[in-house]
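Remarks on the overall topology
Now for the letters of each chain:
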Amino acid sequence: MGDGWCTDTGESVYRSRDAVKNLRIRVRIQRVTSTAALSQHLHQQVLSHFHGVSDEFCFVIHMQYEMDLYQTESNCQTPLERQYHTEIMGMERSKRRQNQRIFTYTDFDRFSKWEEQAQSLLIPAQPTPTLLAELYLESRLITWEPSEEFIKNSHIINTPVQTMYIMGDLGPSGKLGLKENEYVLCTIKSDSNGVITIKPDFNNNRGAYRLETQGEKREVWRLYLENASSHIRAEEKEREQRMYRDLYTRHKEYLNSLVGQDFEMPPLGILRLIVNGEIVSAQGYEYDNLYVHFFLDLPNNWSSVPFHCLSGVTQTCRTHSEDVAFFSYPFSFETFFHKEDESDGSLPQWPVMFFKVLSLDFWQRYRTEGYGFLVIPSTPGYHRMTCHTWRPLQSGTVAELRRFFIGGAPELEDISYVRVPGTFKGERLSRFGFRTQTTGSVTFTLNCIQHARAFIDANTLKKRRQTVLDQLGGHSQQGSVYNVLEAFQRARKRMQEARETLPRDLINTS
Amino acid sequence: MAELHIIGQIIGATGFPQNSLFCKWGVHAGGAWRLLSGLKEGQTQVDIPQTGDMAYWSHPIDLHYTTKGLQGWPKLHLQVWHQDSFGRCQLYGYGYIHVPSSPGQHRLQCVTWRPLGSWQDQLAEMFVGGGPQLRSPDLIYSGADRYRLHTVGMGTVELELCVILRHFDRYGVES
C-alpha cells in the first residue's frame, strides 16, 4: 500500500488522576489485501465496562475458546473464572453479538503470568544464617529468614501494576478461536499511582501500525489505536475541586484539634532552664579506656526537680585513631531559678558542670586523667564547646611511679576546687603551691532552653530583653523602672482601643 | 501546645574501618510529645562509595511533633551497620544525639561507638567478624547503666537538620 506505516512502536506513559476504568480505547484492525478498495473492514470497538470491584481493570471480551472453556462450570477454578462463567451464560441468554476477533487478557488470566515473572528486577538473595550469625542472634534487627513476600517488598520497588493485553485473533475468517493466531495488539499497564503505560502508543495521525502474521499465509494487518475516553464535564470538575478544598480544610482543622491549647508552664517569677546535651568525645589523654564522671553544681537560688539525677558516668571507651574516645552520651537537666532576695543586686550565677576524666585499664586500675568544668551558657541555643583539663601533680617522683605501676593518682577531695571552691568566702582565691599538668580536652554540645512566664509579655510587646536581669522578670531597680514603662504602655494601648469603639464624630469634635 | 518540625537528612558516614554501610535510625521523644506526621524510624540503603571514604545515604527525615511540655526533647539514635560481600551484617556503631532546640539549619556530627567483648571475642572478631551488640538500645537512654559498658570509638555520622518551632514563644520559651 502506498501510505506510510508507523514504525515507532515504543511505549508511552500517561498520567491520570481518574480511575482507570474510565479509559476507553478504540482499536481498529484492517487486513491488507490486494483488493484494497474492497478490503474487509473489521471495525470493532473495545470498551471496558465496570466489573464490580472498585478500581480494577477488568476486561470484558472473551475469545471463542475461552467462552467454550468457561461454559463448562467444572473448568472454572478461581472465583474470577466463575464470574466469567456467569457472565458468559448471561450473554448467551441475551444472545448479544460478540466481537469475534478482538478480545483481552488481564493479570489474573493464565496467559499473562509467565510473562510477568520474567520481569522481576532483582534476584533475591537468600542467605542461610551461618553458625557465627546464629551465635550473635541477640539483635532482633535483622530477619534471618525473610519470606518471599518480605524480600520482594524490601528489595524491589513494589508498586502493584495491573496489565491488560488487547489481543487480536488474526486467523483466516473461517478458523477463528485458535491460540496460535493470537497476537498482542496493545499492552496497557496501570499502577496505583495513576500512571498508565500504553505500548504501542495511540496512532494520532501517524500511519497505521503494521502487523504481520506468521504461519502459512503471511498476512499484513493495519492497526489503529485511538483514545476514545470522554473528557470530564465542567460541573464535575468544579465538584471535584470543591471536594478537594473541603478535604484540605478539614485536614487542617483536624491537625489543629490534635495540637490543642495547653502547655506546661513554670510558676510565676521562676525561670526554668533545660539543658539537653551530649558528651561527645575526649581527646589527647595519656592512657586509654577513658570515661567521664560529671555532675551539675547548682548555685544559690537554683533548685531542681526532686529525684532528678544531676550526675552521670559515661561508658568506658577505648581510643582509636588520634587518641580520640567517642562517648556520644546524651544528658538532660532541668533546673529552676527563683530569686528570693530582691534587694541583692548581684548577677545570678549560672549552673556549672564539673567533670573528671578517668582511665580504667585491664587490671581495673583507675587513674585520674583530668579535671575540668563547664559553665552552662546563659544564652539559649546550640553550643558546642571544648573544655581543657588538668590533673594535679605531687612533687617528687614517687607519686608518678606509683601512678605508672599500680595506679592511683592524687585526686581532688572537693571537685569544685576546679573553679571556685564551695567553701571559699574571701575576696582573692590563691592557688599558690598547687601543681598541675595539662592533659587533654573534652567536647560537649549543649542545647539550652529557657522558659519563663515573663517572656510571654516580652514577646507580645515585641521587645527583646537585653540583660540577664530583665530576663528574670525584673527583680532590680532597672527592672522596676521597666515595669512602670510597661504599665504605661498597657494603659495607653487600652485607651487607644477604647477610643476606637467610640463613634467617629465624637472623637473629632473633642 | 507547641509544634516542632524536623526536616532534614542523614547525609552519610565517614571514618569507619570498612565502607559498605547502612544506618538504622529512630527518633525517641518523651511522653508529652506526640508525632503528628512523618516516620519516626527507618533504615537507609547500603552505600558502597567508589571514591573517597564517605558513604552517602541522603536519607530524608521529615517529622512533625506537637508537645505539651519541654521535657523529653526528641533524641535521634543511630545504628551504623556494615554489610560485607557475603551479605553478612555487622554492627559498626551506636550514636545518640539530641535534636537541636534552636530554630534554623544545623549541620551535626554524631559520633558512634561499638561495644567490645572480652579479648577472646575481639580475637574472634578479627577473623570472622561479628561482635557483641546491645540487647536493647533503649536501655541507653536512661544513661544509668552505661558505666558498665566497655566500648571503642568508631566513625562519625553527618546529619543536616532544619528545625522549625511554632508557638513556643507564645508560651514564653526562648531557644
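Residues numbered from 1 in each chain as written. Chains lettered and ligands numbered in written order. Predicted model: local features only at pLDDT ≥ 70, side-chain atom pairs only at ≥ 80, totals over all residues. Heavy atoms only, no water.

Time to look at the overall build of chain B. Scanning chain B for helices and strands turns up two helices and 10 strands. Counting all 175 residues of chain B, 57% fall into the buried class. In chain B, once contacts between residues fewer than 6 apart in sequence are set aside, the share between residues at least 24 apart is 77%. Accessible surface, chain B as shown: approximately 7400 Å² in total, 51% of it carbon and sulfur. (Helix = DSSP H or I, 4+ residues; strand = E, 2+ residues; numbered from the N terminus. Buried < 20%, exposed > 50% of the residue type's maximum accessible area, 1.4 Å probe, protein only. Contact = heavy atoms within 4.5 Å. Areas by Shrake-Rupley, 256 points an atom, 1.4 Å probe, with all protein chains shown as cover.)

So, about the confidence of the model for chain B. Regions with low pLDDT should not have their predicted coordinates read in detail. Averaged over every residue, the pLDDT of chain B is 88; the share at 70 or more is 96%. What the predictor reports for the complex is a pTM of 0.61 with an ipTM of 0.90. (pLDDT = per-residue confidence, 0-100.)

A few words now on the packing of aromatic side chains. In the structure shown here, the tally under the stated rule is 25 aromatic pairs over all chains. Relative to Trp363(A), the ring of Phe362(A) has its centre 5.3 Å away and its plane inclined at 85°; by these criteria the two rings are edge-to-face. This pair shows no difference in class: Phe362(A) is exposed, exactly as Trp363(A) is. Judged by centre distance (5.9 Å) and plane angle (85°), the rings of Trp33(B) and Tyr65(B) are edge-to-face. (Phe/Tyr/Trp six-rings, centres within 6.5 Å; stacked < 30°, edge-to-face > 60°.)

Attention now goes to the environment of Trp363(A). Assignment of secondary structure puts Trp363(A) in the loop between strand S16 (352-360) and strand S17 (366-375). Between the C-alpha atom of Trp363(A) and that of Ile406(A), which follows or precedes it by 43 residues, the distance is 9.5 Å.

Bringing unusual backbone geometry into the picture now. Residues and elements named next belong to chain A. A positive phi is found at Asn301, a non-glycine position, where the angle reads about 70°. One can find Asn301 in the loop between strand S11 (290-297) and strand S12 (302-304). On the accessibility criterion, Asn301 (32% relative accessible area) is partly exposed. Its identity is not glycine, yet Ser328 carries a phi of approximately 50°, on the positive side. Inspection of the secondary structure assignment puts Ser328 in strand S15 (residues 324-337). For Ser328, a relative accessible area of 2% gives the class buried.

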